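Here's the letter readout for the chains.
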Amino acid sequence: MESATPSEPRLRALVEAGIALASELSLDGLLQRLTELAAELTGARYAALGVIDATGSRLERFVTHGVDDATRAAIGDLPQGRGILGALITDARPLRLHAIADDARSVGFPPNHPPMSAFLGVPVLLRGVAYGNLYLTEKEGGADFTDADQELVGLLATQAAVSIENARLYESATRWSRQLESLMEVSSAMARETSVDRLLELTAERLHDLLEARLVTVALPAGPEQVRIVAAAGEQADEVLGELLPLHESKTGRVFERRRSERVDSVLDDPEVDRVFTRRVDARAGLWVPLLVQDRPLGVISAYDKLSAPDARFTDEDIRLAETFATRAAVAVELSERVERDALRRVVAAQELERQRLARELHDETGQALTSILLGLKQLDGESPQAVAAVRELVVATLQDVRRLAVELRPKVLDDFGLLPALERLTQGFAEHTGISVDLEASALTERPPVEVETAIYRIVQESLTNVVKHAQAHSVSVVVTRSDGRIKAVIEDDGTGFEPETIGDGGIGLLGMRERIELLDGSLTVESSERSGTTVAVEVPVH
């Protein structure tokens, strides 16, 4: 009987193998080298190493030696850890068999698998943690594996466990270093880059590399019912850029609404995933991470198919990494929105100042000049009465137009007396000029709100009345303005011919300008209309 103690040449080979393993820093390279060494030291025809996943219940990698590529392709999917292989996972102790088929736990081999009989399995353990198992079959000469083989492979497995841990630590350190460099690059770009699109492109590119994903996209809201892909990196990035996804019928939209990260291991099994989009990008798995600022959703980062994973699934660590980048991207988007809102606020304020100046000049200079002409015409009453009368009528009409234009530009009563008198003057003049009945109810405005709120409400009512004249063919209009619970609400409703808001879009009949004004004040604007029931414009603005 052969001694259980390995011979001196084999021990020397074991020491050399340990040195070779210690010098290998690539985990994939280390696992392959380990299977080759185990086969050489024991004289096995076939060797394999199964790496156990984080759950400790299945194999996440399976490295082989002795099986050529053609045979491996014919066998098909790699084993997941059932039968004899599963027994070593659940019971991490050496297992030696004369014939695999003799063990009751054996489930047989898949089609095209080479025949295997004698078996030696040894766990790869370090400090009680199982990294995987070494499997050896078909010892040369048809012999069984010996105690010495088991002892030798056990020593090799111990050395391998240390090397695997070191390789994993090295890969982790390298990965953390890449992540840190990418985060620093994005953070640095935020300080110097003025284009939010470029920042989001950089975020998508870096996440695509770090996640090893097939495709990474960044989507931002595009109206109340859709999100738009504004940045993409990876396969088909150019094709999906600019694509619109439904807010309520896509995973991207649902994650935006729920404001929490989600991972889907099989997109075919998730009813919320947009089937059309995932088929286009040929996705099997995905993760979605919202861009949040103070729990306010600004967009969504999506990633599809982890290319380095056999089943394309992402991990919890991938989600945490994407969330870190999403935090930076959210700050960039929020900063861009602030800059855009500030610029828009300045434009609106400048417009109102210019309107005020023009209204004052029309009223004070042009109006006074026309009044002087009227007074001068009185001196010509005796000369050509018909011509003088015609000129007088023209001047009077022009003076009325100038005064009306001055009021439309910036009513002086709004600055001097406030919103209620300005609305009374506006609706009264509208009714007289158009013949359309206007019912104004604004008695709740007992205190003057801030100037910007007064201006916004006045302009919304003014624009709505203008739309009634141009488009509605209405007979009457109702304007109700109320103030309660720190908010001012205005509802403008007509009985004319309405429209379908979906066919007009945000840019139709002044809606875009109205919405921009209200959003600057953190308010809301809704429009309800149909061809049979007229149009209702509702505005709500907080009063600070």
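Residues numbered from 1 in each chain as written. Predicted model: local features only at pLDDT ≥ 70, side-chain atom pairs only at ≥ 80, totals over all residues. Heavy atoms only, no water.

Visitor: An account of the overall build of the protein is requested, with residue identities and associated values reported.
Guide: What the protein contains, in helices and strands, is 16 helices and 16 strands. By residue count, 43% of the 544 residues in the protein fall in the buried class. Considering only residue pairs separated by 6 or more positions, the protein has 61% of its internal contacts joining residues 24 or more positions apart. Of the roughly 28600 Å² of accessible surface on the protein, 52% is carried by carbon and sulfur atoms. (Helix = DSSP H or I, 4+ residues; strand = E, 2+ residues; numbered from the N terminus. Buried < 20%, exposed > 50% of the residue type's maximum accessible area, 1.4 Å probe, protein only. Contact = heavy atoms within 4.5 Å. Areas by Shrake-Rupley, 256 points an atom, 1.4 Å probe, with all protein chains shown as cover.)

Visitor: Quick rundown of the environment of Val537? Include the residues and the values.
Guide: With respect to the element layout, Val537 can be found in strand β16 (residues 534-542). By relative accessible area, which is 7% here, Val537 ends up buried. For the pair Val537 and Asp494, spaced 43 residues apart in sequence, the C-alpha to C-alpha distance is 9.2 Å.

Visitor: Tell me about the pairing of strand β7 (residues 226-234), and name the residues and values.
Guide: The pairing of strand β6 (residues 213-221) with β7 spans 7 bridges and is antiparallel. Across the sheet, the residue bridging to Thr217 is Ala232, located in β7. Where β6 folds back on β7, the antiparallel hairpin that results is connected by 4 residues, among which Gly223 adopts a positive phi of roughly 90°. Here β7 runs beside strand β8 (residues 244-246); their pairing, made up of 3 bridges, is antiparallel. Note that in β8 the partner of Gln226 across the bridge is Pro246. (Pairing = 2+ DSSP bridges.)

Visitor: Break down the sheet that holds β8 for me, with residues and values.
Guide: Read across the open sheet, the 6 strands follow the order β8-β7-β6-β11-β10-β9; overall the sheet is antiparallel. The sheet terminates laterally at β8 and β9 (262-264), the two strands that pair on one side only. The mean inter-strand angle of the sheet, taken between neighbouring strand axes irrespective of direction, is 25°. As paired elements, β9 and strand β10 (residues 286-293) share 3 bridges and run antiparallel to each other. Paired with Arg263 across the strands is Leu287, a residue of β10. Against the sheet, helix α6 (residues 196-211) engages β6, β7 and β11 (296-306), with an angle of about 150° to β6. (Axes fitted to C-alpha atoms, helices over the stretch in contact; angles between N-to-C directions.)

Visitor: Explain the environment of Gly299 residue by residue, including any values.
Guide: Among the secondary structure elements, Gly299 is positioned in strand β11. C-alpha of Gly299 to C-alpha of Thr252: the two residues are 47 residues apart in sequence and 8.8 Å apart in space.

What is shown is where atoms sit, not what they do.
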